Amino acid sequence: MAKLYSKNALATSKLLPKKETISFLLKYSKALNIVKMGGINFEFIAN
Amino acid sequence: MATTQLLDALLVKNYIAGDENALVILINRHQSKIYGFIYSKINNRDLAEDIFQDTFMKVIKTLKSNCYNEEGKFLPWVMRISHNLIMDHYRKNQKMPMLRETDEFSIFSVLQETSPNVEKRIISELIEQDLQKIIKELPDDQREVLVMRIYQDYSFNEIAEITGVSINTALGRMRYALLNLRKVIEKNQIILTD
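So, on to the overall build of chain A. Across its full length, chain A holds 2 helices and 2 strands. In chain A, the succession of α and β elements from N to C terminus is α-α-β-β. In chain A, buried positions account for 6% of the 47 residues.

Given below as structure tokens:
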């Protein structure tokens, strides 16, 4: 039986963002602290 | 589908309560759809990466500041944020269109530096110095009128008043000052243009 060479080529790989971007977002989330004071949001980024 | 939505809502709730792991799950679950959506509109990996990052930074900020109120609709909400950021990107680019250098088009044909370069500045300084020297050679009365008119911006009426002569005398002195300057310049072959 003839091999199907087209299968892999047609399969679309999922588009994903870089691992660094995800890592940055998770670190950003951990570092960010928002405090609401008198109707104003104050953002604090921990080092 | 409903289960996923329910889970999203629960994860959002947990994240707001301080569970950072909930965000990891949410991002892992939806990153492909969101990134794919952005990339389909932008068609540029780096730009799509930037907009994806900005989208989630906005998501994180909104959730952390307790401003999120669309329970059960997490993904459409994130998609809307990314859509707005894509629109912002296109709006910004319309205001500042990108120009690329080609064989027919040089970027320097539209970019002009209006401030004088070093060479031009040195030349005008030298011209100014030469002119000062020539002016010093003029008779006192002519030099006085010329300096007051050109450098101190007095009117001929004011010059006449200050120097105690008639306006016609002031005008005459100015005329002779310019004629004498021209003579000296021609005689010494001084070039006073850049």
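Turning next to the interface of chain B and chain A. Contact residues are listed per partner, giving 18 residues for chain B and 17 residues for chain A. Broken down by element, the side of chain B that touches chain A gets its largest block of residues, 9 residues, from helix H2 (residues 20-42) of chain B. By residue class, the composition of the side of chain B that touches chain A is 9 nonpolar, 5 polar and 4 charged.

Most of the time, phi is negative for any residue but glycine, and the peptide bond is trans. Residues and elements named next belong to chain B. Even without a glycine there, the phi angle at Asn43 is positive, about 60 degrees. Tracing the backbone shows Asn43 in the loop between H2 and helix H3 (45-64). Of note, Asp153 is a non-glycine position whose phi angle comes to about 60 degrees, a positive value. Mapped onto the elements of the fold, Asp153 is located in the loop between helix H6 (140-151) and helix H7 (156-163).

All right, on to the nonpolar core then. All names here are of chain B. Membership of the largest hydrophobic core comes to 21 residues, with the highest contact counts inside it found for Ile34, Ile38, Ala48, Phe52 and Phe56. The set of elements that each furnish at least two residues to this core consists of helix H1 (2-16), H2, H3 and helix H4 (74-95). Per-element tally for this core: the top contributor is H2, with 9 residues. With residues near it in sequence (within four places) discarded, Ile34 still touches Phe52, Thr55, Val78, Met79 and Ser82. Listed in part, the 7 residues of the second largest apolar core include Leu138, Val145, Ala177 and Leu181.

Here is the key point about a regular strand: its side chains alternate between the two faces of the sheet. Residue and element names in this part refer to chain A. The buried fraction of strand E2 (residues 40-45) amounts to 0 of the 6 residues, a small share that puts the element mostly on the outside. Pairing of strand E1 (residues 32-37) with E2, which is carried by 6 bridges, proceeds in the antiparallel orientation. From the neighbouring strand, Leu32 faces E2, where its bridge partner is Ile45. Joining the antiparallel neighbours E1 and E2 is a turn of 2 residues, in which Gly38 adopts a positive phi near 60 degrees.

Right, let's get into H3 of chain B. Under the 1.5 Å per step criterion, the end-to-end length of H3 of chain B is 28 Å for 20 residues, consistent within 8% with the ideal 28 Å. Taken residue by residue, H3 of chain B has Ala48, Ile51, Phe52, Thr55, Phe56, Val59, Ile60 and Leu63 of chain B as its buried positions.

Let's shift gears to the confidence of the model for chain A. Looking at chain A as a whole, its pLDDT mean stands at 78, while 70% of the residues score no less than 70. No element of chain A has a lower mean pLDDT than helix H1 (residues 6-10) of chain A, which averages 49, and none a higher one than helix H2 (residues 19-31) of chain A, which averages 95.

In this section: the environment of Ile25 of chain B. Residue and element names in this part refer to chain B. Within the secondary structure, Ile25 sits in helix H2. For Ile25, a count of 15 C-beta atoms within 10 Å corresponds to the partly exposed category. Separated by 17 residues in the primary sequence, Ile25 and Asp8 have C-alpha atoms spaced 9.1 Å apart.

Turning next to the confidence of the model for chain B. All names here are of chain B. Per-residue confidence for chain B gives a mean pLDDT of 85; residues scoring 70 or more make up 88%. When pLDDT is averaged over each helix and strand of chain B, the minimum, 79, is found for H1 and the maximum, 95, for H3. Scored as a whole, the predicted complex attains pTM 0.54, and scored at its interfaces, ipTM 0.75.

What follows concerns the environment of Ser155 of chain B. Residue and element names in this part refer to chain B. As for its position among the elements, Ser155 is in the loop between H6 and H7. Take Ser155: there are 12 C-beta atoms within 10 Å of it, and that puts it in the exposed class. It is 9.9 Å that separates the C-alpha atoms of Ser155 and Ile167, two residues lying 12 residues apart in sequence.

Rules of the game
Within every chain, residues take consecutive numbers counted from 1 along the sequence as written. The lettering of chains begins at A and the numbering of ligands begins at 1, in the order of writing. With the structure being a predicted model, the display of local features is reserved for residues of pLDDT at least 70 and the display and counting of side-chain atom pairs for 80 or more, all residues being used for whole-chain, interface and lining totals. Numbering goes from the N terminus for both helices and strands, where a helix is a DSSP run of H or I of at least four residues and a strand is a run of E of at least two. To sort residues by burial, count the other C-beta atoms lying within 10 Å of each one's C-beta; a count of 20 or more means buried, 12 or fewer means exposed, and anything in between means partly exposed. C-beta atoms are built from the backbone. With C-beta atoms placed from the backbone, a contact is any residue pair whose C-beta atoms sit within 7 Å. Gly is put with the polar residues, along with every residue not named as nonpolar or charged; the nonpolar set is Ala, Val, Leu, Ile, Met, Phe, Trp, Tyr, Cys and Pro, and the charged set is Asp, Glu, Lys and Arg. For this entry, the nonpolar core is defined as buried Ala, Val, Leu, Ile, Met, Phe, Trp, Tyr and Cys residues connected by C-beta atoms within 7 Å. Between any two strands, pairing holds if DSSP finds at least two bridges. A helix is expected to span 1.5 Å multiplied by its residue count minus one. Scored between 0 and 100, pLDDT is the confidence that the predictor attaches to each residue.

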